[in-house]
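Inside the fold
Read off the chains here:
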Amino acid sequence: MKQESDSAFSYPVKVGHISANPVTVHLSANAAELRALATLWRVDGVTSFAADLQIGRWKKDGVKIKGEVRAHIVQTCVVTLEPVESDIQELVEAIFVPEGSRLARQADIEGGEMIVDPDGPDLPDTFTGDMIDAGAVVSEHAALAIDPYPRKPGAAFGDRIESSAAQDERPNPFAVLKDWKKD
């Protein structure tokens, strides 16, 4: 995970202060952060953004962030161009390990093929230094849940206009020459 000091929503967590017993944290965005999230996500507006997380140790030197993120956003309908409001409610589960950790390394695979179970757990992300931005983690999870083609309920495109075979036929450029030889 890349650490960005100028992210739209940030909640830095010092890894050295995380205990084995998970700590419950409630995050919510202020007005400036809501505007920054709307710009980042390229939506018309974000009216609310909050997350309830449990942050704790994972194995010896890793960190596990688990919880739920909720947001209310306004987008433009792809059919009518009117505002569409939608709610996002996503589960968050992320594991981070230090960059040099043996848990971050993938097994060497002969032949260059890697078999991944889509329903299995994700590989841990890595971090450098002593900080993890939990705000960026929940922001990314919410961004992935945004509908890229929002529609107002009941909005539909009109009937397709198809051309006929006669309309698709191109004129023959040699048609004017067919009577030329008769003269």
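In the block above lies the structure referred to throughout.
This report concerns the structure included in the present document. Treat the numbers as computed from the prediction; the structure is a model and nothing was measured. (Residues numbered from 1 in each chain as written. Predicted model: local features only at pLDDT ≥ 70, side-chain atom pairs only at ≥ 80, totals over all residues. Heavy atoms only, no water.)

The next subject is the pattern of salt bridges. Under the counting rule described, the total for this entry stands at five salt bridges. With a shortest N-O distance of 3.0 Å, aspartate 52 and arginine 70 are connected by a salt bridge. With a gap of 18 residues between them, aspartate 52 in strand S3 (residues 45-58) and arginine 70 in strand S4 (residues 62-76) connect regions that are remote in the sequence. Residue classification places arginine 70 among the partly exposed positions, given a relative accessible area of 26%. A salt bridge links glutamate 82 to lysine 152, with the nearest nitrogen and oxygen atoms 3.4 Å apart. Placement of glutamate 82 in the loop between S4 and strand S5 (83-98) and of lysine 152 in the loop between helix H2 (134-144) and helix H3 (165-168) is noted, with a sequence separation of 70 residues between them. Residue lysine 152 is classed as partly exposed on the basis of its relative accessible area of 29%. (Salt bridge = Lys/Arg side-chain N within 4 Å of Asp/Glu carboxyl O. Helix = DSSP H or I, 4+ residues; strand = E, 2+ residues; numbered from the N terminus. Buried < 20%, exposed > 50% of the residue type's maximum accessible area, 1.4 Å probe, protein only.)

Attention now goes to helix H1 (residues 31-41). Glu33, Leu34, Leu37, Ala38 and Trp41 are the residues of H1 that are buried. Within H1, the buried residues cover an arc of 140 degrees as seen down the axis, which keeps them to one side. Structural note: H1 exposes Arg35, Thr39 and Leu40 on the side pointing more than 90 degrees away from its buried face. At its buried positions, H1 is contacted by strand S2 (23-28), S3, S4 and H2. By the N-cap criterion, in which a side-chain oxygen at the helix start approaches the backbone nitrogen of a residue two or three places on, H1 is capped by asparagine 30, the distance to alanine 32 being 3.2 Å. (Arc of directions from axis to C-beta. Contact = heavy atoms within 4.5 Å. Polar contact = N/O pair within 3.5 Å; in protein donor to acceptor, adjacent residues only side chain to side chain.)

Note: S3 against S4, 13 bridges, orientation antiparallel. When the sheet's bridge partners are listed, glycine 45 is paired in S4 with valine 74. The hairpin turn running from S3 into S4, its antiparallel successor, is three residues long, and lysine 59 in that turn takes a positive phi close to 55 degrees. Relative to S5, S4 runs antiparallel, the two being bridged by 14 bridges. Within S5, the residue paired with alanine 71 across the bridge is isoleucine 88. (Pairing = 2+ DSSP bridges.)

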